[in-house]
Every structure is written in structure tokens, then in C-alpha cells.
Amino acid sequence: MSKESYPLSKHANDGLSTYGNSRNMIGYANSPPNITWPNGAKVALNLVLNYEEGGENCLLHGDNESEKLLSEIVGAGSIPNQRHANMESLYDYGSRAGYWRLYNLLTKKYHVPCTVFAVGMALERNPPVCESMKYAIQHCGWEVASHGYRWWDYQNVAMDVEREHIARSVQIHKDVLGVRPVGMYQGKPNVNTRRLVMEEGGFLYDSDAYDDDLPYWTTTPEGQPHLVIPYTLSENDMKFASPNGFSHGKEFSTYLKDNLTYLLEEGRNGSPKMMSVGLHCRLVGRPGRAKGLEEFLEFVESLGDDVWVTTRAEIAKHWYKNHYPGVGSGGGRSIL
């Protein structure tokens, strides 16, 4: 029966699998590309350390309201035209204490690489953190990707402002870390963000997506491949700051271990995947929660070569080498 039979409910996108310049309901379906991770790993695991403290909403940063998201004050609202002393202090914990606890855990106890999603304004405020990241890039295999210039919701930010923010963040990385970012995660983007990232150029990938367990290709306006490496809001310590989320570190580690175990089984059955874990300095950087992360890292260590602990940049390089469109099965999708 045609759409014309339902005049009150019909829509131009009815029945479409790809639409809206970004939505794709099918993806790889049940036929993902034939993946061979390094050393025969069954899962590529990427730890993501979000460094945001000092880039959040605050009157001291030129904003007209206080921050409201991802703190110990669950359900907090923004306060227009006033500072929020407790919120500021909770964020400061992340840069003063939480970051260093996680840095030491990852670089000194477990010696694992990670990707940092770093907010440009936050980086500029903390030279010791920048120096530690420079060291980790050079000696520990870390990657520092851009998390935008501000930890804002960019839903209604004008394109020219967001364009400037992306460029400014790239320059900050060059200035304080000595290297430009090759990855981009705006975090709270809008439908134009990916186009602006492509326009800026110089990025191997962006991660403003949650729609797959594997990287996939889109295209630039000029028809060139652009890689998307999806991120996660589920395997993420943000649930410590969410109603009905994680209440203590053991819940966090149990969930992460269950997730990895399931992906390992899929990989051993011939369908390797990737897994991201989202971390925040002010959240899992608290000692009791960090203990849960440590338990997960112990579990990962016990799995040996079955798990490739790596950065998003290395995953991107692997995908470019082995799954570039025209090389094997690239899972190409067009966003335009």
C-alpha cells in the first residue's frame, strides 16, 4: 500500500534506511569486515581519559551560567549569571587530584596507552598536566585528541563560532603539547560539527558517534573518505553521576568485565570488535572508583594478546591500512 493511503502520518523519510545526512539504520548489518587486529587480538580496547576541568561553563570563563553536568551533584541545574562554588570545586578536584591518580595508574602501574579527549581551554590552564601528557605521548604511547575548545553543548552554537573553536583548539594543542590532534570529539555536537571538522582538515578521525562497535567510513563534501570511530556513553564512568547508574567501583568494573567478556566471545567466534571506556578525572579519579578501574585493568592484563590495548589514533591507522574504501570491506557510508 502506498504512502498516499496514510496522508496524516506520511513523511518524506518513510521507509528510508539512510537519511538526514547522517543516519544509517543498517551499517554493516550481520556482515562486518574481516578484521585482523595486531597479534591476533579479539578486541581492540581503548581507554579514553576526558580532560575537561577548566573548560566547563563558568562566569569566570565568560559564560552567563554555571556548569550543571557530570558532577557529584546529580541533577544539578545551571545558575544563570552566578557562580556555583561547589560545582567549581568539584571540577577543580579533577585537575588537582583525579587526573594525577589516573595518570599514575595508567603510566606507572599498568603501563597502558590511552587516548585523552582534551578540552583546549582546560589544557591552557594546567601546564603541569600538559607536561605530563607530553611525556606520556613520547614514552607511554598516549594520544591527545581534541575535545573542542570548550566543554559546551554546541547544539545551538553558530557555525562561525564553532569553526573558530575547532581551529583554536588545534592551535592550543600545537602550542602546549607540541603536536596537533589527529582525532576530534566535540562531545555535545550539532548536525554541522562533522562538516566543520572535515573543513578544518588534518584529522584522521572523529568520534562524535555511538552507533557501532567498529569504525566506519563517511565521505567529505569533496567525496573523500572520512573515518568515524564511535565512542560510548555506556561503558563510561559518567554513570557515577547519573540516576540509577554505578554506585561504587565494583559495579563499574563488573560491567566493564562483562562487556569485554562478551566481545571476546564474539571475537573468538570470528567477529572481532572494539571497546571504548570513558573516564573522567573528577569522577573515576576518586579513590574508591579508581579501585574499580584498577580491577578492570587487572582483568585486561590477564587476557594477554587477546586484547589489544591501544589508542584511537592507532585504530585509525589500522583501519586506513586495512579497510580503506577499495581495500577489503570498508563499510563505507555517505553522510551527504
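Just above sits the structure.
Cut-offs applied
Residues numbered from 1 in each chain as written. Predicted model: local features only at pLDDT ≥ 70, side-chain atom pairs only at ≥ 80, totals over all residues. Heavy atoms only, no water. 1 Å grid on protein atoms, 1.4 Å probe; cavity = no way out; pocket = protein on both sides within 12 Å on 5 of 7 lines; lining within 4 Å. Points joined across faces, edges and corners; volume = space filled by probe spheres on them. Nonpolar A, V, L, I, M, F, W, Y, C, P; charged D, E, K, R; others polar. Phe/Tyr/Trp six-rings, centres within 6.5 Å; stacked < 30°, edge-to-face > 60°. Helix = DSSP H or I, 4+ residues; strand = E, 2+ residues; numbered from the N terminus. Buried < 20%, exposed > 50% of the residue type's maximum accessible area, 1.4 Å probe, protein only. Lys NZ or Arg CZ within 6 Å of the ring centre and 35° of its normal. Salt bridge = Lys/Arg side-chain N within 4 Å of Asp/Glu carboxyl O. Pairing = 2+ DSSP bridges.

Draft legend 1. Here's a closer look at the layout of surface pockets. In this structure, the second largest pocket spans a volume of roughly 330 Å³. Around the second largest pocket, the lining is made up of 22 residues, and of these Leu69, Leu70, Trp151, Lys188 and Met238 lie nearest the centre. Looking at the lining of the second largest pocket, its residues break down into twelve nonpolar, seven polar and three charged.

Draft legend 2. Representation of the packing of aromatic side chains. Tallied over the entire structure, the rule returns 19 aromatic pairs. Measuring from ring centre to ring centre gives 5.6 Å for Trp37 and Trp308, while their planes differ by 45°; the resulting arrangement is tilted. Here the residue Trp37 occupies a position in the loop between β2 (23–24) and β3 (43–51), and Trp308 occupies one in strand β11 (residues 307–310), the gap between them amounting to 271 residues. Across the pair, exposure class does not vary: Trp37 and Trp308 are buried alike. Each member of the aromatic cluster is reached from another via a ring pair, and the members are Tyr51, Tyr99, Trp100, Tyr103 and Trp142. Its end group placed over the ring of Tyr255, Lys239 keeps NZ or CZ at 5.5 Å from the ring centre. Between the NZ or CZ atom of Arg282 and the centre of the ring of Trp151, over which it lies, the distance is 5.2 Å.

Draft legend 3. Fine view of unusual backbone geometry. Backbone geometry places Asn21, a non-glycine residue, at a positive phi of 70°. Along the chain, Asn21 turns up in the loop between β1 (18–19) and β2. Backbone geometry at Asn244 places phi at a positive 65°, although glycine is not the residue there. Among the secondary structure elements, Asn244 is positioned in the loop between β9 (225–228) and α6 (249–268).

Draft legend 4. A look at the pattern of salt bridges. According to the stated counting rule, one finds 15 salt bridges in the structure shown. Across the salt bridge formed by Glu131 and Lys134, the nearest N and O atoms sit 3.5 Å from each other. Here Glu131 and its partner Lys134 are both found in helix α3 (residues 127–139), three residues apart, which amounts to about one turn of the helix. Given a relative accessible area of 24%, Lys134 falls into the partly exposed group. Its salt-bridge partner being Lys291, residue Glu294 comes within 3.9 Å of it at the nearest N-O pair. Taken together, the residues span about one helical turn, with Glu294 and Lys291 both in helix α7 (residues 287–302) at a distance of three residues.

Draft legend 5. Quick peek at the pairing of strand β8 (residues 216–219). Note: β8 against β9, four bridges, orientation antiparallel. Paired with Thr219 across the bridge in β9 is Pro225. In textbook terms, the turn of a hairpin is the stretch between consecutive antiparallel strands, and for β8 and β9 this stretch comprises five residues, one of which, Gly223, has a positive phi near 90°.

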